[in-house]
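Fold and contact review
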Amino acid sequence: MPTHSPLFRLEADAERQPQPAPLLMVSLEGFLDAGHVRSTLAEHLLNTLEHEVVASFDVDELIDYRSRRPFMTFDSDHYSDYDDPSLILYRMADAAGEPFLLLHGIEPDFRWEAFIDAVRQLGLAFGVRRVVSAHGIPMAVPHTRPVGTTRFSSDRALLGDFTPIFGQMKVPSSADSLLHLRLGESGLATMGVAVHVPHYLADTQFGDAAVAALDAVMELTGLVLPTTDLVEMAALTRSRIEEELSHNDEAREVVANLEQGYDRFIEGQRQRSLLASKEANLPSADEIGEALEAFLREAESTGTDAPDTHATEPGEE
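Here is a short report on the structure shown in this document.

Turning our attention to the environment of alanine 140. Its place among the elements puts alanine 140 in the loop between strand 8 (130-139) and strand 9 (149-153). Given a relative accessible area of 58%, alanine 140 falls into the exposed group. Along the sequence, alanine 140 and glycine 261 sit 121 residues apart, while their C-alpha atoms lie 8.8 Å from each other. In this structure, alanine 140 is in contact with His199 and Leu258, ignoring residues within four places of it in sequence.

Right, dumping it as structure tokens:
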């Protein structure tokens with residue numbers, strides 16, 4: 001393999017002969033992940049699919065330990081463990097045997113452009129052509145309604161039949177979002193999904209959002225990924241949420257108000273869709289004019305009187 005960035009180290013086997021993997025899934029922890037969607041999805045894949053480490057990043061060069069201090073274990077009279085942060089590239093295969101890469105770990109605090117260049121180098125080494133990621137964003141929606149998503153891509157055609165609900169806006173950047181921008185600029189196809197998580201569940205694990213993220217990733221990429229464990233976890237988290245709500249009248253009122261707002265929004269979308277459909281079926285002014293001209297020509301050629309456009313008053317001959 002050509003000389004690579006000092007920010008990562010390839011494992012020996014990958015150094016000798018990188019095995020192709022055309023898709024890279026990115027999961028960088030540390031910024032905006034309502035419902036713990038990103039971390040839940042990555043952990044689910046690592047727990048259910050066989051995988052191997054192919055590269056690891058030098059986190060000492062990339063993170064600010066004082067801004068988010070890793071935990072240590074103090075045991076009676078000594079320090080016994082340290083939760084050292086990591087950023088690792090795994091190679092795995094889906095249920096159909098299709099290989100892909102998973103970049104999972106802490107989001108860099110420093111040197112974003114250098115980090116992205118390093119990811120680009122890894123992509124070239126493994127033949128990556130597509131990049132995908134998923135995370136959660138807090139929204140004023142109830143957990144009792146279908147989970148919504150906002151999808152994005154460097155190529156609009158990859159999103160299929162998807163109607164955005166957001167217009168143009170300024171948002172805080174992240175290493176993940178800049179990765180999408182830069183890799184898209186370099187010619188790779190990048191795709192992502194932001195799952196709409198009820199704002200009152202933003203700090204907890206919301207299984208339904210993780211399931212929605214997994215479904216969206218499979219739809220965008222064609223991967224065949226295990227879902228059973230995640231669906232079961234989602235059912236458990238849903239039951240815990242309902243149990244807590246049953247003892248909290250104020251929270252139930254909040255959910256009820258969100259349900260009403262959500263239903264009004266969906267009905268408004270449906271009405272606009274129906275109106276657009278009806279308007280699409282109406283003839284245009286040009287089409288009406290052409291039809292009238294054709295009728296008049298036919299009436300003239302057959303001797304049929306054209307319709308009288310003069311309104312006759314009662315008693316007038």
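So, next bit.
This paragraph deals with the nonpolar core. Across soluble globular proteins, nonpolar side chains have a tendency to be buried as a group. Counting residues in each nonpolar core, the largest one holds 42 residues, and the members touching the most others are Met25, Met92, Phe100 and Leu225. For this core, the secondary-structure elements that each account for two or more residues are strand 2 (23-29), helix 2 (37-48), strand 6 (87-93), strand 7 (99-106), strand 8, strand 10 (189-198), helix 5 (207-221) and helix 6 (228-245). Considering every element that reaches this core, the biggest residue donor is helix 5, with ten residues. Once you skip the residues sitting within four places of it in the chain, phenylalanine 100 turns out to touch Ala21, Leu23, Met25, Leu49, Tyr90, Arg91, Met92, Ala93, Asp94, Leu223 and Leu225. By size, the runner-up hydrophobic cluster in this structure holds 32 residues, among which are Leu7, Val26, Val59 and Leu179.

Here we take up a nonpolar patch on the surface. A contiguous nonpolar patch, built from Ile165, Phe166, Met169, Val171, Phe265 and Ile266 and spanning about 550 Å² of accessible area, is present on the exposed surface. When you line up the elements, isoleucine 165 lands in the loop between strand 9 and helix 4 (175-185).

Once that is clear, we can look at the sheet that holds strand 6. Strand order across the open sheet formed by eight strands is 1-3-6-7-2-8-10-9, with mixed pairing between neighbours. Each having just a single partner strand, strand 1 (8-10) and strand 9 make up the two edges of the open sheet. Taking the axes of each pair of neighbouring strands and ignoring which way they run, one obtains an average angle of 25° across the sheet. Looking at chain direction, strand 1 and strand 3 (residues 51-57) are connected through three bridges and run antiparallel.

Our next topic: the packing of aromatic side chains. Any aromatic ring pair is given by two values, namely how distant the centres are and how the planes are angled relative to each other. Taken as a whole and judged by the stated rule, the model has three aromatic pairs. Relative to tyrosine 79, the ring of phenylalanine 74 has its centre 5.2 Å away and its plane inclined at 70°; by these criteria the two rings are edge-to-face. Through successive ring pairs, a cluster of aromatic residues spans Phe8, Phe57 and Phe115.

Moving on to the environment of tyrosine 200. Checked against the element boundaries, tyrosine 200 lands in the loop between strand 10 and helix 5. With 55 residues separating them along the chain, tyrosine 200 and valine 255 place their C-alpha atoms 9.2 Å apart. Here tyrosine 200 is in contact with Val141, Pro142, His143, Val255 and Leu258, once residues within four sequence places are set aside. A polar contact of 2.7 Å, which involves the side chain of tyrosine 200, links it to the side chain of histidine 143.

For helix 3 (residues 112-126), with 15 residues, the first-to-last C-alpha span of 21 Å sits near the 21 Å given by 1.5 Å per residue. Backbone geometry just after helix 3 places glycine 127 at a positive phi near 70°.

With six of its seven residues buried, strand 6 lies for the most part within the structure. Strand direction decides the pairing type here: strand 3 and strand 6, joined by five bridges, are antiparallel. Bridge pairing in strand 6 places glutamate 52 opposite arginine 91. Between the end of strand 6 and the start of strand 7, which pair antiparallel, lie five residues, with glycine 97 showing a positive phi angle near 85°.

As a further point, take the pattern of salt bridges. Within the structure shown, the criterion is met by eleven salt bridges. In this structure, arginine 68 engages aspartate 109 in a salt bridge whose closest nitrogen and oxygen atoms are separated by 3.0 Å. In this pair, arginine 68 is assigned in the loop between strand 3 and strand 4 (72-75) and aspartate 109 in the loop between strand 7 and helix 3, connecting sequence segments 41 residues apart. Classification of aspartate 109 by relative accessible area gives partly exposed; the value is 28%. One salt bridge connects arginine 182 with glutamate 113, and the closest N-O pair in it is separated by 3.0 Å. Of this pair, arginine 182 sits in helix 4 while glutamate 113 is found in helix 3, placing the two residues 69 residues apart along the sequence. You can call glutamate 113 partly exposed: its relative accessible area is 42%. Ionic contacts of the salt-bridge type, sharing partners, join the residues Glu113, Arg182 and Glu185 into one network.

Now for empty space enclosed by the protein. Under the counting rule described, the total for this entry stands at two cavities of 30 Å³ or more. Put simply, the largest cavity is a space of about 50 Å³. Lining the largest cavity, in full, are Met25, Val26, Ser27, Arg38, Leu41, Ala42, Leu102, Ser133, Ala134 and Val217. Of all elements in the fold, only strand 2, helix 2 and strand 8 reach the threshold of two or more residues within the lining of the largest cavity. Along the lines of polarity and charge, the residues of the lining of the largest cavity split into seven nonpolar, two polar and one charged. Volume-wise, the second largest cavity comes out at about 50 Å³. Those elements that place two or more of their residues in the lining of the second largest cavity are strand 7 and helix 3. In terms of residue count, helix 3 provides more of the lining of the second largest cavity than any other element does, three residues in total. Here the lining of the second largest cavity is composed, by residue class, of seven nonpolar, one polar and no charged.

Calculation criteria
Residues numbered from 1 in each chain as written. Predicted model: local features only at pLDDT ≥ 70, side-chain atom pairs only at ≥ 80, totals over all residues. Heavy atoms only, no water. Helix = DSSP H or I, 4+ residues; strand = E, 2+ residues; numbered from the N terminus. Buried < 20%, exposed > 50% of the residue type's maximum accessible area, 1.4 Å probe, protein only. Contact = heavy atoms within 4.5 Å. Core = buried A, V, L, I, M, F, W, Y, C linked by side-chain atoms within 4.5 Å. Patch = residues over 30% accessible without salt bridge, like charges linked within 9 Å, V, L, I, M, F, W, Y side chains within 5 Å. Areas by Shrake-Rupley, 256 points an atom, 1.4 Å probe, with all protein chains shown as cover. Salt bridge = Lys/Arg side-chain N within 4 Å of Asp/Glu carboxyl O. Pairing = 2+ DSSP bridges. Axes fitted to C-alpha atoms, helices over the stretch in contact; angles between N-to-C directions. Phe/Tyr/Trp six-rings, centres within 6.5 Å; stacked < 30°, edge-to-face > 60°. Polar contact = N/O pair within 3.5 Å; in protein donor to acceptor, adjacent residues only side chain to side chain. Expected span 1.5 Å × (residues − 1). 1 Å grid on protein atoms, 1.4 Å probe; cavity = no way out; pocket = protein on both sides within 12 Å on 5 of 7 lines; lining within 4 Å. Points joined across faces, edges and corners; volume = space filled by probe spheres on them. Nonpolar A, V, L, I, M, F, W, Y, C, P; charged D, E, K, R; others polar.

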